[in-house]
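# Secondary and tertiary structure notes
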Amino acid sequence: MNFLRGVMGGQPTGPQPSGAETIQKLCDRVASSTLLEDRRDAVRALKALSKKYRLEVASQAMSHLIHILQTDSSDSEIIGYTLDTLYNIFSNDEEEEQDESEDENGQKQADDLGCQFTEIFIKEPENVTLLLSLLEEFDFHVRWPGVKLLTALLKNQCSQVQAVILVSPMGVSRLMDLLADTREVIRNDGLLLLQHLTKCNAAIQKIVAFENAFERLLDIITEEGNSDGGIVVEDCLLLLLNLLKNNSSNQNFFKEGSYIQRMKPWFEVGDENLGWSAQKVTNLHLMLQLVRVMVSPVNPPGATSSCQKSMYHCGLLQQLCTILMATGVPADILTETINTVSEVIRGSQVNQDYFASVNAPSNPPRPAIVVLLMSMVNERQPFVLRCAVLYCFQCFLYKNQKGQGEIVATLLPSTIDANSISAGQLLCGGLFSTDSVSNWCAAVALAHALQDNMTQKEQLLRVQLATSLGNPPVSLLQQCTNILSQGNKINRRGSKVQTRVGLLMLLCTWINNCPIAVTHFLHNQANIPFLTGQISENLEEDEQLVQGLCALLLGICIYYNDNSLENYTKEKLKQLIEKRIGKENFVEKLGSICKHELYSRAAQKPQPVFSSPDQMLFDHEFTKLVKELEAVITKAVHKSSEEEKKEEEVKKTLEQHDSIVTQYKELIREQDTQINELKTQVSSMKTQNEQLQASLTQQLSQLQQHKDQYNVLKLKLGKDSQQHDAHGEGAQVNGVQSEELSRLWEELEELKKQHGVLQGQLTEKDSLIEKMKSEGAHPVEGTAGSSENNSELQKELETLRAQVQSQSAEISQLQAERQELLKKAETLGMASAPGNADGSAAAAKITELEKRLSEVTAETEKIKEEGKIWSNLKVDLEQQVATANSSVAILQNEKSKLQQEVAESKKEQDDLLMLLADQDQKIKSLKEKLKELGEPIEEDDDLDTRDQYDDEDDEDDD
């Protein structure tokens, strides 16, 4: 332990070993020591040397330290020392602190060293998995170093470590548990770890989001005080930005989870706004960026619009407008708030209407748009703020024809109010001011008021400007061209180019796709010579962009020319270009716009972002316009007059063809309407036909009924006449009656016979029932006999039931016959005379038969009652049989138990006999040995053995 004492601060004795030798000895001790205390001391010493001798410890001890993590995980102290040592090896924090004293090469070498060690460590993915499993340990001395070590690995080799964690089971979930740790140090370092973990990895971002990260992070931000919180709030916001930026799935999950509503308290900054700490400014800046991420123009349009609606309904937009109009807000926060409001209202009609209604808290109140435009055209305001206001104005007018009309209306003569400042007045003031930035911003803002709106382009032609006293008013279009022609007199080169570029973009947007505006522009005789002169001159590099824009403006005049002016028709303008400029030169100047460096930069995103005022040249929407017009203008310029004539002829023929097609379409529509009307008529006639058919069939059926009734009446009349014609027919009727009576006597005899048979059957059944009653009175002994008798009884009962059913059927048949006889008797009684003797006898016989039938029915009812009694008796017998069967089963169970007990007792007796036989053998052998030794044997032993044999004999007898 002497070298350990030297390392840990003991008194040096003799020559001291070098650092590499000491580390080698410590590594040997870690590898070879059997005692945990020795290994722990050695690892503690390596930790102390790991900062100073980083390379040596990493090269010699890394494998031993990994082995310690694998084998000694039960001891938290040695695991903590090991993790701290590995962290010192991988981390570049020490070198970052010494950055002032070291040069850049040394720092780069240190960073490379940490990356190399990390690469060696993660070459085995099990090492990272081992660290993730150690994070489940709640001990502070294990968990905290593990979090720091994993963070250092992610800093050095982010993508490789992310890949390992992604495939590790429950890897991300274990890291998410760090946010729930009650110890703030671990929770805060866990936030830093998750920041590095979620960088540029959409799969991990989704997993973290679905592990309830949004809920936890928003809870932490609320607990820490929202925007007034410390650096923990900043870390949470940075993590939220990682999860939401460029991840549409997480953005949709954030919106669907109603988390946008929880962002509103972030922007409740209060009215005093006296103190804005640096941390609060940072927090609020990140919060505004989060809002912008949700409504960014690069997001899918549907997702952006739904987020915009949510922000309006929850009051977030109103809260942002409050900050926008508040006093004492820092300039950078105000700028970012303007940019955020811009993207919240961009393309959303509801949000744009609300923004138009916002007023600034001034006296008198002014619209927020007017206040912002005052800042935009004020050259004393910060350049970044002016760009933000321009972006806000552009977003307010984006796809908002209502807002465009309101802005243009403030320029029209009928709506100008001399007592108030309007947006139109501010734009005109900025357009004609001496500040080139104001010129450019006002020109672009006015161009957005005309974007894709033909009505407002025509309305703006009505605007008249008073230039000076005594001179007539000049149109706005003419004033813009006047400023262009006077641009050469401005000495400042940069401002001259910027102003002219802004005005040319405004003019191109204005007259594009508007033939009336083109005619107004061409009506001024000086405009075309000015444009051709600008394009044909050999200007400096800065002026070449102006030449390209002039070529674009001239090309628009050709393409959208309606040939209403004789001096400036399409053909004459093309001839002018060919003579004074040259077609190839013109096309080259036109194509130079897209080749400009700032053009491609402005075409990337809608927000105007410029590092300096000199770079403020192109607008995003204007780049789209150039891309659309370049090809069509080039094609229009190269076309000859013959081609144009052919195209015009083709257009005329196409128009004629279209007119013919429209005529045919109208004819087809008319025919379709006629066909539909005829179809409706046919369907109505079909229904009428069906109704007529139904009524016809009904009338035919009624006619047939009337015919039948007529035939019946005719037959009745014929019978009555026959009865009155002949008197001898009465004898025939009496003969018929006598035949009927004889047949009735025969039927009565048959009924008597059947009744006798039934009486015999009833007596048999009575005797059988009595017999069964007598048998049922004596209980049957034995289970076998009872079951046999029970089966016989069931058979007899079934036969009885069948007989009863047959008897009931016979009775019903007799009753039916009785009814028939009664009917016949009634008919005979009606037909016969009152004093007829045969009729009275038949009536007497019928009454006698009825009496007998009533007796038979009474006896049958009696049989049914006895059958019910017998069925009840049968049920009682079945219950007795069931009880007997259950008692027999119980006795059999007891018998089987007794037999089992007897078998067990016999087995025990056999075992005892075997033991006694063994003891007897042992006693005999002992006696023989005693005899051999000459020892005397007592008689008691003999008696005992005899008694044993007697007992054995008795057991055998038993």
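Anyway, here's the lowdown on the structure attached to this text. Everything numeric in this text was worked out from a predicted model, so none of it was measured.

A few words on the overall build of the protein. Counting secondary structure elements, the protein contains 41 helices and four strands. In the protein, buried positions account for 40% of the 958 residues. Taking contacts inside the protein between residues at least 6 apart in sequence as the whole, the part at least 24 apart equals 72%. With the model as given, the accessible surface of the protein reaches about 53800 Å², and the carbon-plus-sulfur share is 51%.

Here we take up the side chain of E336. On the secondary structure map, E336 appears in helix α20 (residues 331-345). Under the relative-accessibility criterion, E336 is labelled buried at 8%. Polar contacts involving the side chain of E336 include one to the side chain of R292, which spans 3.1 Å. Once you skip the residues sitting within four places of it in the chain, E336 turns out to touch H285, L288, Q289 and R292.

Each full turn of the α-helix corresponds to 3.6 residues, which orients residues three or four apart in the same direction. Of all 10 residues in helix α19 (residues 316-325), eight are buried; the element is thus mostly enclosed. For α19, the set of buried residues is L316, L317, Q319, L320, C321, I323, L324 and M325. Buried positions along α19 lie against α17 (278-294), α18 (301-313), α20, α21 (349-357), β1 (359-360) and α22 (368-376).

Okay, the pattern of salt bridges next. For the coordinates displayed, the defined rule picks out 20 salt bridges. The salt bridge partner of E256 is K255, with a shortest N-O separation of 2.9 Å. Its salt-bridge partner being R386, residue D435 comes within 2.9 Å of it at the nearest N-O pair. Linking D435 in the loop between α25 (423-431) and α26 (436-450) with R386 in helix α23 (residues 383-397), this pair joins segments that are 49 residues apart in sequence. Take D435 and R386: they sit in the same class, and that class is buried.

The next subject is the packing of aromatic side chains. Across all of its chains, the model carries 12 aromatic pairs by this definition. Between the aromatic rings of F254 and Y259, the centroid separation amounts to 5.5 Å while the plane-to-plane angle is 40°, which identifies the pairing as tilted. Across this residue pair, the class does not change: F254 and Y259 are buried. Arranged with centres 6.0 Å apart and planes meeting at 65°, the rings of Y312 and Y354 form a pair that is edge-to-face. Here the residue Y312 occupies a position in helix α18, and Y354 occupies one in helix α21, the gap between them amounting to 42 residues. Taking the relative accessible area as the measure of exposure, Y354 reaches 22% and is therefore partly exposed. Grouping aromatic residues by their ring pairs yields a cluster made of F210, F214, F253, F254 and Y259. Taking NZ or CZ as reference, K148 lies 5.2 Å from the ring centre of Y87, over its face. Across from the ring centre of W144, 4.1 Å away, lies the NZ or CZ of K148, which sits over that ring.

Backbone geometry at C200 places phi at a positive 55°, although glycine is not the residue there. By the secondary structure assignment, C200 is in the loop between α12 (184-197) and α13 (202-210). Judged by its relative accessible area of 83%, C200 falls in the exposed class. Positive phi values are uncommon outside glycine, yet N212 reaches one of about 65°. Here N212 lies in the loop between α13 and α14 (213-223).

On the surface, a nonpolar cluster with roughly 390 Å² of combined accessible area is contributed by I660, Y664, L667 and I668. As for its placement among the helices and strands, L667 is situated in helix α37 (residues 641-725). By relative accessible area, L667 is classed as partly exposed at 39%.

Between helix α5 (residues 76-90) and helix α9 (residues 140-156), the least distance of the axes is 9 Å, while the angle of their chain directions is 20°. What the angle tells us is that α5 and α9 run roughly parallel. Judged by the sense of rotation from one axis to the other, the crossing of α5 with α9 is left-handed. Here α5 contributes S76, I79, G80, L83, D84, L86, Y87 and F90 to the contact with α9, which in turn contributes H141, V142, P145, G146, K148, L149, A152, L153 and N156. Among the residues forming the contact of α5 with α9, the class breakdown is 10 nonpolar, five polar and two charged.

Attention now goes to the nonpolar core. F90, L175, W266, F267, F355, W510 and L552 are the most contacted members of the largest nonpolar core, which totals 207 residues. The dominant element in this core, judged by the number of residues it contributes, is α23, at 12 residues. Every residue in contact with L552, bar those within four places of it in the chain, is listed here: C508, L590, I593, F622, V626, L629 and I633.

Compared with the 24 Å implied by 1.5 Å per residue over 17 residues, the 25 Å span of α17 between its first and last C-alpha is a close match. The buried fraction of α17 is high, at 12 of 17 residues. All of the buried residues in α17 are K280, V281, N283, L284, L286, M287, L288, L290, V291, R292, V293 and M294.

Conventions we followed
- Residues numbered from 1 in each chain as written.
- Predicted model: local features only at pLDDT ≥ 70, side-chain atom pairs only at ≥ 80, totals over all residues.
- Heavy atoms only, no water.
- Helix = DSSP H or I, 4+ residues; strand = E, 2+ residues; numbered from the N terminus.
- Buried < 20%, exposed > 50% of the residue type's maximum accessible area, 1.4 Å probe, protein only.
- Contact = heavy atoms within 4.5 Å.
- Areas by Shrake-Rupley, 256 points an atom, 1.4 Å probe, with all protein chains shown as cover.
- Polar contact = N/O pair within 3.5 Å; in protein donor to acceptor, adjacent residues only side chain to side chain.
- Salt bridge = Lys/Arg side-chain N within 4 Å of Asp/Glu carboxyl O.
- Phe/Tyr/Trp six-rings, centres within 6.5 Å; stacked < 30°, edge-to-face > 60°.
- Lys NZ or Arg CZ within 6 Å of the ring centre and 35° of its normal.
- Patch = residues over 30% accessible without salt bridge, like charges linked within 9 Å, V, L, I, M, F, W, Y side chains within 5 Å.
- Axes fitted to C-alpha atoms, helices over the stretch in contact; angles between N-to-C directions.
- Parallel < 35°, antiparallel > 145°, perpendicular 65-115°, else oblique.
- Left-handed = near helix turned anticlockwise from the far one by under 90°.
- Nonpolar A, V, L, I, M, F, W, Y, C, P; charged D, E, K, R; others polar.
- Core = buried A, V, L, I, M, F, W, Y, C linked by side-chain atoms within 4.5 Å.
- Expected span 1.5 Å × (residues − 1).

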